[in-house]
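Chain and residue survey
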Amino acid sequence: MYRCARCKEPIKTDIGIVGVQCDRCGFKIFIKERPNMKKVVKAR
Ligand SMILES: [Zn+2]
């Protein structure tokens, strides 16, 4: 699961798709949520 790095909106779209952005704010950097670690992912 991913969340927007700015507004923390959950991202439902597959971020493997080029050009995907946050539904709420249009931001293109997302945080990948895992049980024990967080990884920042930049959309292409
Ligand atoms: Zn956002």
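Each remark here, short or long, concerns the structure printed above.
Summarised in this report is the structure supplied together with it. (Residues numbered from 1 in each chain as written. Predicted model: local features only at pLDDT ≥ 70, side-chain atom pairs only at ≥ 80, totals over all residues. Heavy atoms only, no water.)

**Overview of the overall build of the protein chain**
Our working rule: Only DSSP runs of H or I covering at least 4 residues are called helices, and only runs of E covering at least 2 are called strands; the numbering of each starts at the N terminus. Counted charges follow a simple rule, with Lys and Arg positive, Asp and Glu negative, and His plus the chain ends left uncounted. Here the site of a charge means atom NZ of a Lys, CZ of an Arg, CG of an Asp or CD of a Glu.
Counting its secondary structure elements, the protein chain contains zero helices and four strands. For the protein chain, the sequential pattern of α-helices and β-strands runs β-β-β-β. In terms of overall dimensions, the protein chain has C-alpha extents of about 25 × 20 × 15 Å along its principal axes. The protein chain carries 12 positive and 4 negative side-chain charges, and their two centres are separated by 7 Å.

**Some details on the coordination of the zinc ion**
Note the following rule: Only nitrogen, oxygen and sulfur atoms qualify as donors, provided they sit within 2.8 Å of the metal or within 3.2 Å for Na, K and Ca; with water excluded from the atoms, sites may seem incomplete. Any coordination sphere not matching a tetrahedral pattern (four donors, all angles between 85 and 135 degrees) or a square planar or octahedral pattern (four or six donors, opposite donors over 155 degrees apart, other angles between 65 and 115) is reported as irregular. When accessible area is computed with a 1.4 Å probe and restricted to protein chains, residues below 20% of their type maximum are described as buried, those above 50% as exposed, and intermediate ones as partly exposed.
The coordination sphere of the zinc ion, as far as protein atoms go, consists of Cys-4 (SG), Cys-7 (SG), Cys-22 (SG) and Cys-25 (SG), spread over 2.2 to 2.3 Å. Here the zinc ion is ringed by four donor atoms whose angles at the metal span 105 to 116°, and the overall shape comes out tetrahedral. The motif formed by the donor residues of the zinc ion, counted along the single chain, is C-x2-C-x14-C-x2-C. Judged by relative accessible area, which is 0%, Cys-4 ranks as buried. Classification of Cys-7 as partly exposed rests on a relative accessible area of 23%.

**Side note on the nonpolar core**
Side chains of nonpolar character tend, in soluble globular proteins, to be buried together. Applicable threshold: To define a nonpolar core, start from buried Ala, Val, Leu, Ile, Met, Phe, Trp, Tyr and Cys residues and group those joined through side-chain atoms within 4.5 Å. Two residues qualify as a contact provided that any one of their heavy atoms is within 4.5 Å of a heavy atom in the partner residue.
By size, the foremost hydrophobic cluster in this structure holds nine residues: Tyr-2, Cys-4, Ile-11, Ile-15, Val-20, Cys-22, Phe-30, Val-41 and Ala-43. With residues near it in sequence (within four places) discarded, Tyr-2 still touches Glu-9, Pro-10, Ile-11, Ile-15, Phe-30, Ile-31, Lys-32 and Val-41.

**Let's talk about the environment of Glu-9**
We count it as follows: What qualifies as a polar contact is a pair of N or O atoms within 3.5 Å, subject to a donor-acceptor requirement within protein and to the restriction that residues adjacent in sequence count only when both atoms come from side chains.
For Glu-9, the position within the fold is in the loop between strand 1 (2-4) and strand 2 (10-11). For Glu-9 and Arg-24, which are 15 residues apart along the polypeptide, the C-alpha to C-alpha distance reads 7.0 Å. Looking at Glu-9, its side chain comes within polar contact range of the side chain of Arg-24, at 2.7 Å.

**Things to note about the environment of Arg-44**
Within the element layout of this structure, Arg-44 appears in the segment after strand 4 (38-42). By relative accessible area, Arg-44 is classed as exposed at 64%. Sequence-wise, Arg-44 and Ile-17 are 27 residues apart; in three dimensions their C-alpha atoms are separated by 8.0 Å. Residue contacts for Arg-44: discarding those within four places in its chain leaves Gly-16, Val-18 and Gly-19.

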